[in-house]
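A closer look at the structure
Below are the chains, spelled out letter by letter.
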Amino acid sequence: MMSSPQHNQQLATIFRSMAERLAAQRANPYRVRAYRKAAENIEALEEDIADVASRQALEDIDGVGSDLADKIEE
C-alpha cells in the first residue's frame, strides 16, 4: 500500500478524532459519517491536500462539501 502525503495523514487523523468526538456527543450521524468518509478519501489521495486546496479543488474529493472544504483550508 502506498502511503499518502504527510498532510493528508494529519488531516485524516484530525477528521477521525472529530468524528469520534461528535459521535460521543451523539451528534447528527450523517455529520459523523461525513467526517469519517472525508478522512478515508483524503487519506487515499495520492496528491498532497495542500496542492488540492491551492487549486480550489477540495470539493472534488468525494465526501468533502463546502463546510469541510472550509475547515480544511483553515
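Parameters and conventions
Residues numbered from 1 in each chain as written. Predicted model: local features only at pLDDT ≥ 70, side-chain atom pairs only at ≥ 80, totals over all residues. Heavy atoms only, no water. Helix = DSSP H or I, 4+ residues; strand = E, 2+ residues; numbered from the N terminus. Expected span 1.5 Å × (residues − 1). Buried < 20%, exposed > 50% of the residue type's maximum accessible area, 1.4 Å probe, protein only. Arc of directions from axis to C-beta. Contact = heavy atoms within 4.5 Å. Salt bridge = Lys/Arg side-chain N within 4 Å of Asp/Glu carboxyl O.

Three- or four-residue spacings in an α-helix give side chains the same orientation, since the helix completes a turn every 3.6 residues. When the terminal C-alpha atoms of helix H1 (residues 6–24) are compared, their 27 Å separation across 19 residues agrees well with the 27 Å that a helix rising 1.5 Å per residue should span. Among the residues of H1, those classed as buried are Asn8, Leu11, Ala12, Phe15, Ala19 and Leu22. Each buried residue of H1 sits inside an arc of 100° when the element is viewed along its axis, so together they form one side. H1 presents Gln6, Arg21 and Ala24 as exposed residues on the side facing more than 90 degrees away from its buried surface. Here the buried face of H1 lies against helix H2 (29–44), helix H3 (49–54) and helix H4 (66–73). Following H1 by one or two positions, Arg26 has its phi on the positive side, about 55°.

All right, on to the pattern of salt bridges then. Counting across every chain of the model gives 5 salt bridges. Put simply, Asp67 and Lys71 hold a salt bridge, and the shortest N to O gap is 3.3 Å. Of this pair, Asp67 and Lys71 both sit in helix H4, 4 residues apart, which is roughly one turn of that helix. Overall, Asp67 belongs to the partly exposed group, its relative accessible area being 44%. You can call Lys71 partly exposed: its relative accessible area is 28%.

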